[in-house]
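One letter stands for each residue in the lines below.
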Amino acid sequence: MGRGLVTAIGLILLWEAATHLLGLPPYILPAPSQVATALWLRGEVLAHHALITATEIAIGLVVGVALGTGTALLVVRSPLARRWLMPVVIASQAIPVFALAPLLVLWFGYGLASKIVMAALVIYFPVAAAFFDGLRTTPPAWIELARTMGASDGAILWRLRLPAALPALAQGLRIAAAVAPIGAVIGEWVGSGAGLGFLMLHANGRMQIDLLFAALVVLAAMAITLYYGLDAILRRLVQWQPETLGRSR
Amino acid sequence: MRDSAPDIRLERAGVAFDGQTLFRGLDLVLEGGRWTCLLGPSGVGKSTLLRLVADLVPGAPDGRVTAGDGGPVAGRVAFMAQQDLLLPWLDARGNVLLGQRLRGEKPDTARAETLLADLGLAQATQLRPAAMSGGMRQRVALARTLMEDRPIVLMDEPFAAVDAVTRLRLQALAAERLAGRTVLLVTHDPLEALRLGHVVHVMTGRPARLSDPIRPPGTPLRPVDDPALLALQGELLRRLAEDAE
Ligand SMILES: Nc1ncnc2c1ncn2[C@@H]1O[C@H](COP(=O)(O)OP(=O)(O)OP(=O)(O)O)[C@@H](O)[C@H]1O
Ligand SMILES: [Mg+2]
């Protein structure tokens, strides 16, 4: 993390130097100092739109994760659901969900709803697939032991398979955290009157490239905060796992 | 009242994996309330036989595993597998309480802690398996098995991962705690079998056969330096070595 910060600062300095040395016009590539100025001067506008995008992401995450985990549990509990539902879920992975954005705007309007659906949709599959995989691959010897102890299927699911699937679910949630902002912003690009994605298009159209960059910075900050915040929580949840998956850094 | 420990009768027991017959037509009686020890070379099928009794592997269709009192075997078995099977997200105490939690019973924390303390794990009740040594993990698994308090106890090499002195202590403790139960103990160690078993069987060959029951003199828990035991150990080792040739 510390080294990453140093590298980032170095790159920003390089960027600043390059814009001055190459004499790039601000409507092509504004200097970081100009972006910072825009961040400061347009803070209120940015905050307004950031709040909207954050709301879309948050609700989308909750809905997508709920649906994804729900599907995995249902499919694991019911062989019937597994036969009828799983092929559709797997096939749905192949659909480029982003291509649905225009349709979603048509159906759910220019407001929050279409972006929430978009974010939920892109989250749904990785969460459902990862959790299902985790639930399915409980070591058989654990289940055998539980059976000799007289455990019911429900108890085995709740006390054994579910906790054993948490590391896999955590991986799905990390992916979800990474793609949710993309879903929301693409939804905003396709049709909206608010949000950071909207602001970026709007600023672009008016050649306010410094504002566009400022919106991008805010979006990136939100996405990074979301990812690392969730990652920290997940690490704590599955810290029993000897080699916690995906130890980044 | 705990129900009394029944005989377990295996008749024409057989198991095959992928067309490979491990054993078939095997008859064996585990005497009620006594310890039967099963010795044999690696891969002969000892664990599989134990798992057959626990109803964890499908046996030959004409084979039968029954309890002498006519009751079911399933539901009266405490099973300690060759791997410790500790759940990594639970600490030692949580693992010992697993059976009660799975059955939705009120967990008897005090008893779990006493058991762990008896096994020398008083300081480790809050440790997760990842932080334990192999021997500690095995002792937690033993505590979990004892916690189940069943009339039939199946144990697969329960003392393999501990040092010699600890092993003697654990053998004594298990013999005391499991006295009066029908116990099947799989082991690699002839001396352990002779020390603990009312009856010892040697399992050899493929398809595997069981030796006639060997009944060491005296009663378990026998002293390890008993000359009669050491002589028998020599003979058992000879038998196992012959099979290996
Ligand atoms: N579930 C299974 N599927 C296929 N083969 C199996 C299975 N379980 C055991 N075997 C095979 O059956 C044979 C006997 O295995 P088993 O575990 O019963 O041996 P064992 O006598 O307990 O050996 P060890 O002393 O090394 O534990 C081995 O060759 C093993 O590969
Ligand atoms: Mg074995």
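Residues numbered from 1 in each chain as written. Chains lettered and ligands numbered in written order. Predicted model: local features only at pLDDT ≥ 70, side-chain atom pairs only at ≥ 80, totals over all residues. Heavy atoms only, no water.

A.B. asks: How do you make sense of the overall build of chain A when you look at a structure like this?
C.D. replies: A count of helices and strands for chain A gives 10 helices and zero strands. Reading chain A from its N end, one meets helices and strands in the order α-α-α-α-α-α-α-α-α-α. Considering chain A as a whole, with its 249 residues, one finds that 42% of them fall into the buried category. Considering only contacts within chain A whose residues lie at least 6 apart along the sequence, 70% involve residues at least 24 apart. Here chain A displays about 13,200 Å² of accessible surface, and carbon together with sulfur accounts for 72% of that area. (Helix = DSSP H or I, 4+ residues; strand = E, 2+ residues; numbered from the N terminus. Buried < 20%, exposed > 50% of the residue type's maximum accessible area, 1.4 Å probe, protein only. Contact = heavy atoms within 4.5 Å. Areas by Shrake-Rupley, 256 points an atom, 1.4 Å probe, with all protein chains shown as cover.)

A.B. asks: In this structure, what is going on with the overall build of chain B? I would like to understand it.
C.D. replies: Of regular secondary structure, chain B possesses eight helices and nine strands. Relative to the 2.2 N^0.38 estimate, which gives 18 Å for 245 residues, the radius of gyration of chain B is 18 Å and therefore close to what a compact globule would have. When its C-alpha atoms are laid out on the principal axes, chain B stretches across 45 × 45 × 35 Å. Out of the 245 residues in chain B, the part that is buried amounts to 52%. For chain B, contacts bridging at least 24 residues in sequence account for 70% of all contacts bridging at least 6. Of the roughly 10,500 Å² of accessible surface on chain B, 50% is carried by carbon and sulfur atoms. Taking the average place of the 30 positive charges on the side chains of chain B and the average place of its 30 negative ones, the gap between the two points comes to 3 Å. (Rg over C-alpha atoms; globule rule 2.2 N^0.38 Å. Lys, Arg positive; Asp, Glu negative; His and termini not counted. Charge placed at Lys NZ, Arg CZ, Asp CG, Glu CD.)

A.B. asks: How should the site of ligand 1 be read in this particular structure?
C.D. replies: Residues and elements named next belong to chain B. The immediate surroundings of ligand 1 are formed by 14 residues, with Ser42, Lys46, Ser47, Thr48 and His188 found nearest. In this structure, an oxygen atom belonging to ligand 1 sits 2.7 Å away from a side-chain N or O atom of His188. Protein contacts shield 62% of the accessible area of ligand 1, which totals 640 Å² for the unbound molecule. Considering each element in turn, the shell around ligand 1 owes the most residues, three residues, to helix α1 (residues 46–53). Split into classes, the residues belonging to the shell around ligand 1 amount to four nonpolar, seven polar and three charged. (Near = heavy atom within 4 Å. Polar contact = N/O pair within 3.5 Å; in protein donor to acceptor, adjacent residues only side chain to side chain. Nonpolar A, V, L, I, M, F, W, Y, C, P; charged D, E, K, R; others polar.)

A.B. asks: Explain the pairing of strand β3 (residues 35–39) of chain B here, please?
C.D. replies: Side-chain direction in a regular strand flips from residue to residue, so the side chains alternate between the two faces of the sheet. Residue and element names in this part refer to chain B. Burial analysis of β3 places five of its five residues in the buried class, which makes it a mostly covered element. By the alternation rule, side chains of β3 split into Trp35, Cys37 and Leu39 and Thr36 and Leu38, which are all buried. Two strands pair when backbone bridges link them, and β3 and strand β7 (residues 182–187) are joined in this way by five bridges, in the parallel orientation. Counterpart to Trp35 in the pairing with β7 is Val183. In the sheet, β3 pairs with strand β8 (residues 199–204) via four bridges, with the strands oriented parallel. Its bridge partner being in β8, Cys37 is matched across the sheet by Val200. (Pairing = 2+ DSSP bridges.)

A.B. asks: In this structure, what is going on with the environment of His20 of chain A? I would like to understand it.
C.D. replies: With respect to the element layout, His20 of chain A can be found in helix α1 (residues 2–22). Accessibility expressed as a relative area gives 55% for His20 of chain A, which makes it exposed.

A.B. asks: Even after reading the chapter, I still don't get a nonpolar patch on the surface, so can you show me in this structure?
C.D. replies: Nonpolar side chains collect at one region of the surface, where Leu21, Leu22, Leu24, Tyr27, Ile28 and Met207 of chain A lie side by side and expose about 690 Å² of accessible area between them. Considering the arrangement of structural elements, one finds Leu24 of chain A in the loop between α1 and α2 (32–41). (Patch = residues over 30% accessible without salt bridge, like charges linked within 9 Å, V, L, I, M, F, W, Y side chains within 5 Å. Salt bridge = Lys/Arg side-chain N within 4 Å of Asp/Glu carboxyl O.)

A.B. asks: It is not clear to me how the packing of aromatic side chains should be interpreted in this structure. Could you clarify?
C.D. replies: Centre distance and the angle of the planes are the two values used to describe a pair of aromatic rings. For the structure shown, the criterion picks out four aromatic pairs over all chains. Ring geometry for Trp15 of chain A versus Phe213 of chain A: centroids 5.7 Å apart, planes at 50°, classification tilted. Placement of the pair is Trp15 of chain A in helix α1 and Phe213 of chain A in helix α10 (residues 209–237), with a sequence separation of 198 residues. An aromatic cluster of three or more residues is present, and its members are Trp142 and Trp240 of chain A together with Trp89 of chain B. (Phe/Tyr/Trp six-rings, centres within 6.5 Å; stacked < 30°, edge-to-face > 60°.)

A.B. asks: Would you explain the pattern of salt bridges in this entry?
C.D. replies: Any two side chains of opposite charge can pair, so long as their charged atoms come close to each other. This model, assessed by the stated rule, comprises 21 salt bridges over all chains. Between Asp231 of chain A and Arg235 of chain A there is a salt bridge, with its nearest N and O atoms 2.9 Å apart. Of this pair, Asp231 of chain A and Arg235 of chain A both sit in helix α10, four residues apart, which is roughly one turn of the helix. Between Asp118 of chain B and Arg177 of chain B there is a salt bridge; the shortest N-O distance is 2.6 Å. Here Asp118 of chain B is found in helix α4 (residues 109–118), whereas its partner Arg177 of chain B is found in helix α6 (residues 164–177), with 59 residues between them in sequence. By sharing partners, the salt bridges in this structure join Arg103, Glu105, Glu148 and Arg150 of chain B into a single network.

A.B. asks: Would you explain the sheet that holds strand β2 (residues 20–30) of chain B in this entry?
C.D. replies: Two modes of strand pairing occur in sheets, parallel and antiparallel, and in both the strands are linked by backbone hydrogen bonds. Residues and elements named next belong to chain B. Taken in spatial order, the three strands make up an open sheet running β2-β1-β4, and their pairing is antiparallel. The open sheet has two edge strands, β2 and β4 (64–67), and neither has a second partner. Across this sheet, the average inter-strand angle for adjacent strands is 20°, counted without regard to direction. Helix-sheet contacts for α1 involve β1 (8–17), β2 and β4, and the interaxial angle to β1 is about 125°. (Axes fitted to C-alpha atoms, helices over the stretch in contact; angles between N-to-C directions.)

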